[in-house]
Amino acid sequence: MYLLNDETALIQTLDFFTPIVDDPYLFGQIAAANSLSDVYAMGGKPLTAMNIVTFPVCKLSAEVLLAILSGGQQKIAEAGAVMVGGHTIDDDEPKYGLSVTGVAPPAKILTNAGARPGDVLILTKAVGTGVLYTALRAELFPQGVAAAAQSMAQLNRYAAEVMAHFPVHACTDITGFGLLGHAYEMASASEVDLEIDSRAIPLLPEAAEAAEVGLIPAGAYANREYLKSVEFHSAVPVNLQDLLFDPQTSGGLLISLPGCEASGFLQQARAAGVLVAACIGSVTGKGTGKIHVK
Amino acid sequence: MSNELKSKLVELNCQGLACPQPVIMTKKALEQKPAEMTVLVDNLAAKENVAKFAASSGYGVSIENADGIYRLNLLAKQTAVNVAAGKELAADSEAPAILLGRNTLGTGSEELGAILMKSFFVSLLELSQLPRAVMLINSGVYLAVTDSPVLQPLQELSRRGVAVMVCGTCLDYFSLKEKLAVGEVTNMYSILRELTRAGNTITL
């Protein structure tokens with residue numbers, strides 16, 4: 001983030017990764033949505049994007065590359081941004097993503113620090129993409145896998161536009177550290193403790209079943225190992241716990257806002273097409289980033 | 001990968017394989033409905049995942065850990081009660097469940113209590129009817145970790161289809177999660193389900 005002048009802060013972000021779905025166009029959409037997400041999480045609007053591409057020219061055809069880039073372009077256009085170039089190199093496996101420049105009024109920039117006691121936590125996308133990606137590789141739970149792909153391809157734009165109308169205190173997007181990992185980062189930066197209701201968390205279809213049969217990525221265990229400040233009520237089933245540590249790709253926004261604003265926010269979010277948005281917990285008081293999950 | 005049939009025992013070597021290969025291979029092997037099977041893995045995620053898969057497929061799981069190689073011994077459950085998934089098939093409601101709230105038996109002398117606990121498990125194996133479940137809470141979870149004096153009889157019980165249920169909250173409290181060597185990590189809800197089923201519970 002860079003303060004250009006009193007009215008404008010520049011936001012710069014980039015991300016890219018290997019395919020997580022078989023369809024190249026869908027992969028392009030997901031990778032682009034993922035790269036654009038950070039700008040939305042900071043309360044900004046994307047302006048321009050550049051493609052970052054690695055591609056095995058000898059192994060895959062040009063049509064595949066074209067499909068990936070078309071998927072990316074669709075998302076960039078949907079975000080109201082402009083694709084201004086990019087760079088491609090030859091590599092053993094394909095990777096795709098974007099470098100994005102966005103803007104925000106400095107007074108409206110959101111970080112993950114600033115959550116306050118009395119705030120409610122809202123999550124705008126369902127959880128379970130890591131588990132369902134593992135299911136994809138095991139050729140199981142195809143319905144869940146398809147739902148996960150659609151969810152990952154959604155832009156956080158619509159949730160971010162609703163945020164602009166509310167006095168949001170803190171925001172972060174949910175990615176590789178899982179819901180609890182990013183919630184911990186927010187809580188620790190804000191110097192508060194959180195309570196999360198495991199039963200309120202929106203889950204992708206078949207994610208719970210996939211977690212129950214052990215289709216859990218190694219990253220979920222790494223996240224669980226790293227996060228020592230999370231305490232579970234004894235009734236939270238293991239598969240649900242695993243989902244809360246599940247690393248997400250192109251996840252939703254985790255928003256901390258005053259409790260009295262929550263129902264208004266949810267109403268507007270759902271009207272804007274963010275149907276899954278739900279209250280998942282609250283900021284219980286000043287603290288050190290402890291999270292109690294009931 | 002090796003898939004040798006030793007009499008009726010199938011051993012699946014999943015060492016060196018990344019997730020979800022160990023689960024996929026275990027799934028394929030369990031489709032043949034073996035009475036028992038052993039799976040070898042070399043990392044924590046694979047161990048957890050194969051154990052979860054096996055449990056959800058109606059197999060009791062006991063785990064040995066030697067030099068970073070996990071040996072998961074799977075045994076088809078006689079009672080076919082799948083506590084993890086909450087599914088109940090034909091249940092042997094006559095066999096009691098045993099709830100152990102500590103790792104010693106009786107009060108008066110801790111040393112004697114430990115000796116009694118060893119003797120208790122050895123005798124338990126000789127009963128004509130095994131309990132349907134052994135539930136471990138509070139310091140009872142020490143009985144299920146790698147250096148437990150009753151690890152062998154507990155593993156044998158698990159092999160024979162007795163559900164060994166180890167309280168996860170307790171394992172965390174005593175920082176024993178990584179040392180669990182037998183049974184499934186469960187929570188109070190699952191333990192309560194077991195306690196309130198038909199059949200006696202013996203609390204020691």
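Residues numbered from 1 in each chain as written. Chains lettered and ligands numbered in written order. Predicted model: local features only at pLDDT ≥ 70, side-chain atom pairs only at ≥ 80, totals over all residues. Heavy atoms only, no water.

Chemist: Explanation requested: the pattern of salt bridges in the structure shown.
Modeler: Note that side chains of opposite charge can pair when their charged atoms are close. As enumerated under the stated definition, the model contains 19 salt bridges over all chains in all. Put simply, B:Lys52 and A:Asp242 hold a salt bridge, and the shortest N to O gap is 2.5 Å. Linking B:Lys52 in helix H2 (residues 44-56) with A:Asp242 in helix H9 (residues 238-245), this pair reaches from one chain into another. Residue B:Lys52 is classed as buried on the basis of its relative accessible area of 14%. Judged by relative accessible area, which is 3%, A:Asp242 ranks as buried. A single network of salt bridges, built from pairs that share partners, joins A:Arg224, A:Asp242, B:Lys47, B:Glu48 and B:Lys52. (Salt bridge = Lys/Arg side-chain N within 4 Å of Asp/Glu carboxyl O. Helix = DSSP H or I, 4+ residues; strand = E, 2+ residues; numbered from the N terminus. Buried < 20%, exposed > 50% of the residue type's maximum accessible area, 1.4 Å probe, protein only.)

Chemist: It is not clear to me how empty space enclosed by the protein should be interpreted in this structure. Could you clarify?
Modeler: Regions of empty space are outlined by a rolling probe, equal in size to a water molecule, passed over the atoms. All names here are of chain A. Counted under the stated rule, the structure contains four cavities of 30 Å³ or more. The calculated volume of the second largest cavity comes to roughly 40 Å³. Lining the second largest cavity we find Ile20, Val21, Thr129, Leu132, Tyr133, Leu136, Val145, Ala148, Ala149 and Met152. A class-by-class count of the residues in the lining of the second largest cavity yields nine nonpolar, one polar and no charged. (1 Å grid on protein atoms, 1.4 Å probe; cavity = no way out; pocket = protein on both sides within 12 Å on 5 of 7 lines; lining within 4 Å. Points joined across faces, edges and corners; volume = space filled by probe spheres on them. Nonpolar A, V, L, I, M, F, W, Y, C, P; charged D, E, K, R; others polar.)

Chemist: What's the story with unusual backbone geometry in this structure? I'm lost.
Modeler: Most peptide bonds take the trans configuration, and most residues that are not glycine carry a negative phi. Residues and elements named next belong to chain B. Note that the residue after Cys19, namely Pro20, is joined by a cis bond; omega there is -5°. Along the polypeptide, Pro20 turns up in the loop between strand S2 (9-13) and helix H1 (21-30). Positive phi values are uncommon outside glycine, yet Asn138 reaches one of about 50°. Examined against the element boundaries, Asn138 turns out to sit in the loop between strand S9 (133-136) and helix H4 (151-159). Judged by relative accessible area, Asn138 falls into the partly exposed class, the value being 46%. Of note, Ser175 is a non-glycine position whose phi angle comes to about 55°, a positive value. By the secondary structure assignment, Ser175 is in the loop between helix H5 (168-173) and strand S11 (184-186). Ser175 sits in the exposed class, given a relative accessible area of 61%.

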